[in-house]
Amino acid sequence: MSFEEMWASLLPIGRDAATGGYDRFAWLPAELECRAWFLDQARARDLTIEQDRNGNLFAWWNPSRDQPRDHGGMDGAVVTGSHLDSVPGGGAFDGPLGVVSALAAIDLLRERGRTPVRPIGIAVFAEEEGARFGVACLGSRLLTGAIEPARARALRDADGVSLAETLHRNDLDPKAIGPDDDLLRRIGCFVELHVEQGRALDAPVGVAGAIWPHGRWRLDFHGEGNHAGTTHLKDRRDPMLPFAGTVLAARRSADSHDSLATIGKVHVTPGGVNAIPSQVTAWLDARGPSEEAVTATVEEIVGSAERAAAEHGVTVELTAESYTGIVAFNERLRDRVCGAITGAGLSRPPVLPTGAGHDAGILSAHVPSAMLFVRNPTGVSHAPAERAEPADRLAGVEALAAVLADLACGARARETGDA
């Protein structure tokens, strides 16, 4: 099955016909159908399938040749892949492009008679977007120990269903989740292909240099519920007012620190048209070119929220839900990736930073990691207009195949620590 045939077979799953957006949330029907699609594709290629105890999927080519990596080198498996879940109303390419490209790259290597001397794995990480349980890159965080298992088990979705319940319903043991050192030791390096999520890339394929620090914080504004038609303005403790001020403060603060701050999700309790809310819960996403910029941005936003809350007789609580510091990808692996692409006769890819978080960023603290980006002509992501042109998709497959060939199939792949 060609890349375009695979892409066409995956495209309808979870798509809203009215908006063109995707709702593929972790362990719900559409995402489970995507996982089943991946397993079918892996079986069709005689890949060895493995699901780790955190719900991440792996499909292995030549797993019998797998050896634990030497901690000083990169002689373990070469793993690629991405994720299949989406944000609400998301685009088609964020995550799935990396999975489909990985399958197509293996097809290309086989067509060219290349055989890996190091195992090649395709990973599909669980709950990368955090759209259901609120923590981004949850599968890779659990694998690497970046989140406490007890905290993860207690996470709940919008319907109050816990991660523990969800795992149990999908034949996974909630008590078994957590760091998997044995699996990590088998991975020599990780190379993730992803659609570029802005307008920074002016070539078909690019390479990531770093990921900006980024995090999510929850703000709970507690006021007093009351009747919208009988409660005088001076008697109100309306949490919507400091919340509204905080949205504006986020924009001002981000602008002053050359960072990014977004409040894109809010819950209002009780949510009645004719009722003053008793509580407003909002989620802040903040990112920036440095950890100092992010810290200053968040502190300024929270300070503004506290002052506005006090002015309106409301209290506000801050909860840090997730944070990832700046990720500078392994330079030796990055340079080798660039060299493999140009060595295959393709244009040398530009190196660029990104403000978007990825599983590669989580894994980079444990195994050498790199990222390939495929050009997005719209510059839009997490929305239906997200796109990669057919020619650029195929360029991404060619680039990824060249990287996998260099790392896993060629003479250099036998050299411990060469990358």
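My aim in this report is to walk through the structure given alongside it, one point at a time. (Residues numbered from 1 in each chain as written. Predicted model: local features only at pLDDT ≥ 70, side-chain atom pairs only at ≥ 80, totals over all residues. Heavy atoms only, no water.)

**Focus: the packing of helix 1 (residues 3-10) against helix 3 (residues 96-111)**
Helix packing for two helices is described by the angle between their axes and how far apart those axes are. Packing of helix 1 against helix 3 brings their axes to within 10 Å, and their N-to-C directions diverge by 145 degrees. Between helix 1 and helix 3 lies a crossing of right-handed hand. Where helix 1 abuts helix 3, its residues Phe3, Met6, Trp7 and Leu10 lie against Pro96, Leu97, Val100, Ser101, Leu103, Ala104 and Asp107. In the contact of helix 1 with helix 3, the residues fall into nine nonpolar, one polar and one charged. (Axes fitted to C-alpha atoms, helices over the stretch in contact; angles between N-to-C directions. Helix = DSSP H or I, 4+ residues; strand = E, 2+ residues; numbered from the N terminus. Left-handed = near helix turned anticlockwise from the far one by under 90°. Contact = heavy atoms within 4.5 Å. Nonpolar A, V, L, I, M, F, W, Y, C, P; charged D, E, K, R; others polar.)

**Description of helix 10 (residues 331-343)**
If you check helix 10, its first and last C-alpha atoms are 18 Å apart, about what 13 residues at 1.5 Å a residue would give, namely 18 Å. Elements in contact with the buried residues of helix 10: strand 5 (187-195), strand 6 (205-211), strand 14 (351-354), strand 15 (369-374) and helix 12 (390-409). For helix 10, the N-terminal capping position is held by Asn330, with its side-chain oxygen 3.1 Å away from the main-chain nitrogen of Arg332. One or two residues past the end of helix 10 sits Gly345, with phi positive at roughly 90 degrees. (Expected span 1.5 Å × (residues − 1). Polar contact = N/O pair within 3.5 Å; in protein donor to acceptor, adjacent residues only side chain to side chain.)

**Considering the packing of helix 10 against helix 12**
Relative orientation of the contacting elements helix 10 and helix 12 amounts to 115 degrees, with a least axis distance of 8 Å. With respect to each other, helix 10 and helix 12 are oriented roughly perpendicular. Crossing geometry of helix 10 relative to helix 12 is assigned as right-handed. Judged by residue contacts, Leu333, Arg336, Val337, Ala340 and Ile341 of helix 10 engage Ala399, Ala402, Val403, Asp406 and Leu407 from helix 12. Taken together, the residues of the contact of helix 10 with helix 12 sort by class into eight nonpolar, no polar and two charged. (Parallel < 35°, antiparallel > 145°, perpendicular 65-115°, else oblique.)

**Remarks on the nonpolar core**
Judged by nonpolar contacts, the single largest core of 58 residues is most densely connected at Trp37, Phe38, Leu97 and Leu372. In this structure Leu97 touches Phe3, Trp7, Leu193, His194, Val195, Val374, Ala388 and Arg393, once residues within four positions along its chain are discounted. Core analysis: the second largest hydrophobic core is formed by 23 residues, Val79, Ile187, Ala208 and Ala360 among them. (Core = buried A, V, L, I, M, F, W, Y, C linked by side-chain atoms within 4.5 Å. Buried < 20%, exposed > 50% of the residue type's maximum accessible area, 1.4 Å probe, protein only.)

**Some words on the pattern of salt bridges**
When charged atoms on two side chains of opposite charge get close, those side chains can pair. Tallied over the entire structure, the rule returns 18 salt bridges. The salt bridge partner of Arg112 is Glu398, with a shortest N-O separation of 3.0 Å. With Arg112 in the loop between helix 3 and strand 4 (120-125) and Glu398 in helix 12, the pair connects residues that are 286 residues apart, well separated along the chain. Classification of Arg112 by relative accessible area gives partly exposed; the value is 48%. Notably, a salt bridge pairs Arg169 with Glu165, separated by 3.9 Å at the nearest N-O pair. Of the two residues, Arg169 and Glu165 are both situated in helix 6 (residues 163-169); the distance of four residues between them amounts to about one turn of the helix. Under the relative-accessibility criterion, Arg169 is labelled exposed at 57%. For Glu165, a relative accessible area of 31% corresponds to the partly exposed category. What emerges from the salt-bridge pattern is a single network uniting Arg156, Glu165 and Arg169. (Salt bridge = Lys/Arg side-chain N within 4 Å of Asp/Glu carboxyl O.)

**Observations regarding the sheet that holds strand 11 (residues 279-287)**
If you trace the four strands from one edge of the open sheet to the other, you get 9-11-7-12, paired in antiparallel fashion. Only two strands of the sheet have a single partner each, and these edge strands are strand 9 (260-269) and strand 12 (315-324). Between one strand and the next, the sheet's axes are offset by a mean angle of 15 degrees, whatever the strand orientation. As defined by bridge partners, strand 7 (residues 214-222) adjoins strand 12 across nine bridges and the pair is classed as antiparallel. Pairing of Arg216 across the sheet is with Ser322, part of strand 12. Helix 8 (residues 240-256) rests against strand 7, strand 9 and strand 11 of the sheet, and its axis sits at about 170 degrees to strand 9. Lying over the sheet, helix 9 (residues 291-311) contacts strand 7, strand 9, strand 11 and strand 12, oriented at roughly 165 degrees with respect to strand 12. (Pairing = 2+ DSSP bridges.)

**Here's the deal with unusual backbone geometry**
The omega angle of the peptide bond from Thr269 to Pro270 is 5 degrees, so this bond is cis rather than trans. Along the chain, Pro270 turns up in the loop between strand 9 and strand 10 (275-276). One non-glycine residue, Glu127, lies in positive phi territory at about 50 degrees. Take Glu127: it is sitting in the loop between strand 4 and helix 4 (138-144). The phi dihedral of Asp171 is positive, around 60 degrees, even though this residue is not glycine. Note that Asp171 resides in the loop between helix 6 and helix 7 (181-186). The exposure class of Asp171 is exposed, given its relative accessible area of 73%.

**Quick look at the side chain of Asp180**
Structurally, Asp180 can be placed in the loop between helix 6 and helix 7. No salt bridge is formed by the buried Asp180; the nearest opposite charge belongs to Arg53, separated by 4.0 Å. Asp180 has contacts with Asp52, Arg53 and Leu143, leaving out every residue within four places of it along the chain. (Lys, Arg positive; Asp, Glu negative; His and termini not counted.)

**Quick notes on the side chain of His358**
If you trace the backbone, His358 turns up in the loop between strand 14 and helix 11 (359-363). Judged by its relative accessible area of 3%, His358 is buried. For His358, the side chain forms a polar contact with the main-chain oxygen of Ala356, separated by 3.5 Å.

**A closer look at the pairing of strand 1 (residues 48-51)**
Every regular strand shows the same layout, with side chains that alternate between the two sheet faces. Relative to strand 2 (residues 57-61), strand 1 runs antiparallel, the two being bridged by four bridges. Residue Ile49 lies in a different strand from strand 2, and its bridge partner there is Ala59. What sits between strand 1 and strand 2 in their antiparallel hairpin is a turn of five residues, with Gly55 showing a positive phi close to 90 degrees.

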